[in-house]
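# Structural overview
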Amino acid sequence: MSETHAMPHRRPGLSPHQASRRRMSQGSRLPIATPARRNKPRLKLTRWIGLSVFGAWVLIAIFGPLFSPYPMGAFVSDEIYGGMSAAHWLGTDYMGRDMLSRILTGARYTVGLAVVAALLSSLVGAGFGMLTVLLPRWLEEGIRRIFDTLISIPSKMMALVMVSAFGTSIPLLIIAAVLSYAPGAFRISHSLATNLATLEYVQVARTRGEGRFYIAAVEIMPNMIQSVLTDMGMRFVFIVLLLSGMSFLGLGVQPPAADLGSLVRENIGGLSQGALAVIAPALAIGTLTIGANLLIDSLSNSRGSQKE
Amino acid sequence: MRNTMPKLVLGRLSSSLLTLFLVSLVIFAITSLLPGDTAQQILGQFATPEQVAALRVELGLDQPALLRYWHWLSGFATGDLGMSASNGMAVSQLMNDRLPNSLLLAAITTAISVPVALLMGLVAAMRRGGNVDRVLNIVTLSMVAVPEFLVATIAVLIFAVHLGWLPALSYVSTVDNLGDFVRIYAMPVLTLCCVLIAQMARMTRAALIDQLDSAYIEMARLKGVPPMRRVLRHALPNAVGPIANAVALSLSYLLGGVIIVETIFNYPGIASLMVDAVSNRDLALVQACAMLFCGAYLILVMVADLCAILSNPRLRNR
């Protein structure tokens, strides 16, 4: 690795010495109730809960359909809204299909769609965020204006308006999610990149005559990748909520395919009798998003305490 | 110094207006990219090309896009937002009928959630790192990530199915007494409150802790000011701006949450009107509702910004 590669990685984090000096200048804190110290066991706990719940869902999304006891669309029981039984662990749905099989496949849709959309949002947002710093001023302002406009449209509005115009389809849902969530990723990475771009090693690279893409990819990106990844995790949670919400409204994933939101919608008629077919997919979404949220929060918290 | 303030407020106001204008462009562009579609859709698949062409002239779809945009935009000033394609009523009439219901739902939710959230945020900040704070942290962190329909489902299971206190997912249109009123609003409001309170409490806690970490609070502590007084008299007044900011930003969540809640409980508000319009691909109605929601969102964000700016002398003089 050349020197220019190694240098930037160390730059933004303050050394312990610098950090303590900075803290002193803000007024020293007495040792009582220092949050970092007190919170340590809790951080570990939420991280493990988050990791195991979220990890389980990722595994289910990848491998789950392999283990599903029945085909997703097969009518396997005469009983509708059946309860738990040995043949149907999570009961049956409003048409007598096996709920466990449907959830295993539905999870793949929910997680898969959200992962793709979150990746694209971060790619678009962070990509523009880094590059605009290196573009001419007027172009930077123009791109910022576009993203500022998009961020002012609530995500559900964007999705609803797009579905009303083009009809729903999986690519359209992904585009709607990216249009709603790329601007946020852009804002964060743009402000990070703006700070990084003023640092000396970027100036040095500029003076050396490096191209824009080189500076963005080699000098700026490695120093913000961790924040971008944490941000992507948050976007994942939002997108799961958005897409399952759309499916719940009947405007998302369409039959015969079904994500977890569509499963809740299909079986909502069984709610008044307390059917497992409604509760199970709703809980599935809840645990997925809560797990992911706990994990991300503990990761970003521990990064914060490392900096202190 | 004095006169920078009105200038700042005016600047923020005009920038919001510009954004609203750009948002209207985006919404119109998305819904008008397929100009022939609307007429085709109203008439169905089996319409003759002549019928479609005639309807396009009638709807003004043969005019250039910019002209149509101008007519649409000026419609907001005159109140003429076009006709609903699915039931032939005026869009403005439909919205007028539904808007008060949604506003009432939002008002009740706000009135309940703001005090609860502020109290929770305050307690968590005062007991930072303690057990109460830890539990509140995990609870609010989980609630923020929960989809509305899970909360609604659980609420229905508990209150309607098991306890039988409330009707499940049905809207009663007659309000005779307070009991009916509570019965109608209990579950929608509860569902909306859950996420809203969690979010607001987290932001309130963060805003207060920001103040509690500052040097003057440490000074007060060293002087021997008791904790209660330290928080209520010293920190809270300085945190009012950031907390107001947090409240306004959290309230913008309502705009998304209400869409699911009105649908699941069959509540006759503006959001369920819009969802129906999207299902029927009733574009005029969708456009108008989307503008209403985006406008409300922009107002809340602007209020949040103004609270932050006005309460912080450093930002004020920037």
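As annotated in an unreviewed UniProt entry, chain B carries the name Glutathione transport system permease protein GsiC and is attributed to Kushneria phyllosphaerae. Comment text from UniProt for chain B, heading Subcellular location (unreviewed entry), reads "Cell membrane".

The name given to chain A in an unreviewed UniProt entry is Glutathione transport system permease protein GsiD, and the organism recorded there is Kushneria phyllosphaerae. According to UniProt, the comment filed for chain A under the heading Sequence similarities (unreviewed entry) is "Belongs to the binding-protein-dependent transport system permease family."

## Some points on the nonpolar core
Ranked by size, the top nonpolar core spans 140 residues in total, and within it Met157(A), Leu160(A), Phe236(A), Met95(B) and Met274(B) carry the most contacts. In terms of residue count, helix α8 (residues 178-212) of chain B provides more of this core than any other element does, 16 residues in total. Among residues more than four places away in sequence, those in contact with Met157(A) are Ile259(B), Met274(B), Ala290(B), Phe293(B) and Cys294(B). The next biggest cluster of nonpolar side chains, apart from the first, holds 15 residues, and it includes Tyr201(A), Val202(A), Ala205(A) and Ala216(A).

## Examining helix α9 (residues 200-208) of chain A
Residues and elements named next belong to chain A. For α9, the set of buried residues is Tyr201, Val202 and Ala205. An end-on view of α9 places all buried positions within 105° of arc, on one side of the element. Exposed positions of α9 whose direction lies more than 90 degrees from the buried face are Glu200 and Thr207. After α9 finishes, the residue Gly209 shows a positive phi value of roughly 90°.

## Remarks on the environment of Ser279(B)
Residue and element names in this part refer to chain B. Among the secondary structure elements, Ser279 is positioned in helix α12 (residues 270-279). With relative accessibility at 41%, the residue Ser279 sits in the partly exposed group. Separated by 255 residues in sequence, Ser279 and Ser24 have C-alpha atoms that sit 21 Å apart.

## What to know about the UniProt feature "transmembrane region" (unreviewed entry) in chain A
All names here are of chain A. Under the present numbering, the feature "transmembrane region" (unreviewed entry) in UniProt falls on residues 48-67, 109-136, 157-182, 232-253 and 274-296. Taken as a whole, residues 48-67 contains 100% helix and 0% strand, while its terminal C-alpha atoms sit 26 Å from one another. In residues 109-136, the share of helix is 93% and the share of strand is 0%. The end C-alpha atoms are 41 Å apart.

## Here's the deal with the packing of helix α7 (residues 155-166) of chain A against helix α13 (residues 283-311) of chain B
In the contact formed by α7(A) and α13(B), the axes pass within 10 Å of each other and the chain directions differ by 170°. Of the possible angle classes, the one that applies to α7(A) and α13(B) is roughly antiparallel. Residues Met157(A), Val161(A), Ser164(A) and Ala165(A) of α7(A) form the contact with α13(B), whose participating residues are Leu283(B), Val286(B), Ala290(B), Phe293(B) and Cys294(B). Of the residues contributing to the contact of α7(A) with α13(B), the split by class is eight nonpolar, one polar and no charged.

## Here we look at the UniProt feature "transmembrane region" (unreviewed entry) in chain B
All names here are of chain B. The sites that UniProt annotates as "transmembrane region" (unreviewed entry) are residues 103-126, 138-161, 181-198, 239-265 and 285-310. Between the end C-alpha atoms of residues 138-161 the distance is 28 Å, and the span holds 88% helix and 0% strand. With 100% helix and 0% strand, the stretch residues 181-198 has end C-alpha atoms that lie 25 Å from each other.

## Things to note about the interface of chain A and chain B
At the interface, 53 residues of chain A touch 56 residues of chain B. Buried surface at the junction of chain A and chain B, summed over both partners, amounts to about 4600 Å²; 75% is from carbon and sulfur atoms. For the chain A face of the interface with chain B, the top three residues by lost area are Met157(A), Ser164(A) and Leu271(A), together amounting to 12%. Linking chain A to chain B there are one salt bridge. Note that Asp297(A) and Arg202(B) form a salt bridge whose closest N and O atoms lie 3.7 Å from each other. Counting across the chain A and chain B interface gives six residue pairs in polar contact (both at pLDDT 80 or more). Elements that contribute at least two residues to the side of chain A that touches chain B include exactly α3 (35-38), α4 (40-67), α6 (137-151), α7, α10 (212-248) and α12 (276-307) of chain A. For the side of chain A that touches chain B, the leading source of residues is α12(A), giving 11 residues.

Conventions adopted
Residues numbered from 1 in each chain as written. Chains lettered and ligands numbered in written order. Predicted model: local features only at pLDDT ≥ 70, side-chain atom pairs only at ≥ 80, totals over all residues. Heavy atoms only, no water. UniProt positions renumbered as here; feature names shortened; annotations may be inferred. Core = buried A, V, L, I, M, F, W, Y, C linked by side-chain atoms within 4.5 Å. Buried < 20%, exposed > 50% of the residue type's maximum accessible area, 1.4 Å probe, protein only. Helix = DSSP H or I, 4+ residues; strand = E, 2+ residues; numbered from the N terminus. Contact = heavy atoms within 4.5 Å. Arc of directions from axis to C-beta. Axes fitted to C-alpha atoms, helices over the stretch in contact; angles between N-to-C directions. Parallel < 35°, antiparallel > 145°, perpendicular 65-115°, else oblique. Nonpolar A, V, L, I, M, F, W, Y, C, P; charged D, E, K, R; others polar. Buried area = accessible area lost by both parts, 1.4 Å probe. Salt bridge = Lys/Arg side-chain N within 4 Å of Asp/Glu carboxyl O. Polar contact = N/O pair within 3.5 Å; in protein donor to acceptor, adjacent residues only side chain to side chain.

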